[in-house]
Amino acid sequence: MSLHADALDVLARWQAPDTGQDRLRASYAAHLAGHADGIWRSCFPAHLTAGALVLSHDRSRVLLNLHRKARRWFHFGGHLEAADLTLAGAALREATEESGLSGLSVEAEPLHLSRHTVEFCDPRGPVEHLDVRFLALVGSDVEAVASEESLEVRWWPVDDLPTDEPDMVEMIGLALRG
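So, how was this worked out
- Residues numbered from 1 in each chain as written.
- Predicted model: local features only at pLDDT ≥ 70, side-chain atom pairs only at ≥ 80, totals over all residues.
- Heavy atoms only, no water.
- Core = buried A, V, L, I, M, F, W, Y, C linked by side-chain atoms within 4.5 Å.
- Buried < 20%, exposed > 50% of the residue type's maximum accessible area, 1.4 Å probe, protein only.
- Helix = DSSP H or I, 4+ residues; strand = E, 2+ residues; numbered from the N terminus.
- Phe/Tyr/Trp six-rings, centres within 6.5 Å; stacked < 30°, edge-to-face > 60°.
- Lys NZ or Arg CZ within 6 Å of the ring centre and 35° of its normal.

Caption draft 1: Inspection of the nonpolar core at higher detail. L48, V54, L63, L80 and L87 are the most contacted members of the largest nonpolar core, which has 31 residues in total. At the level of secondary structure, the elements contributing two or more residues to this core comprise α1 (3-13), α2 (19-34), β1 (46-56), α3 (87-99), β7 (127-138) and β8 (150-157). Within the second largest apolar cluster, 15 residues are counted, among which are L53, L66, M171 and L174.

Printed below as a string of structure tokens:
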């Protein structure tokens, strides 16, 4: 199965947690149905991305990175690559690369979707990232290492986040329900 087919399959099967997320799911599927290249960075002005929210095994802490270009705290994620076989695999690759952690366990079903504009991603102008986010859990007492994409990587208590950005708060809230 191709990565494009996997993305369509994942989105078709996913049971969104609310109507807003279901509308995003349907819009992502429509984007992929209309764009054979919709999973690639070259698809302008919108394309899929994959990410992972990393929580400690007891779900009391969240690992976030201070993104070098955006200068804001985010989960881990990025563009899909030719070697990626699945969306969940792409999310795992991104989280592993950006956190320096091995042994992450990524859930097979998405956790959250987010469609957002990114100003610095493409020289042609602003692009929309159709982000498919997965939950990743890691064992206790692990030290993360910032990649070149991050200014800093740090564990935060889930009830004391460095951001009140609604998108991040919503995603973390969904992760804590599970």
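After presenting the structure, the write-up continues.
Caption draft 2: Structural view of the packing of aromatic side chains. The final tally for this structure, using the stated rule, is one aromatic pair. With a centroid separation of 5.2 Å and 80° between ring planes, the pair formed by W73 and W156 is classed as edge-to-face. With a gap of 83 residues between them, W73 in strand β3 (residues 73-74) and W156 in strand β8 connect regions that are remote in the sequence. Note that R61 overlies the ring of W155, its terminal NZ or CZ placed 4.5 Å from the centroid.

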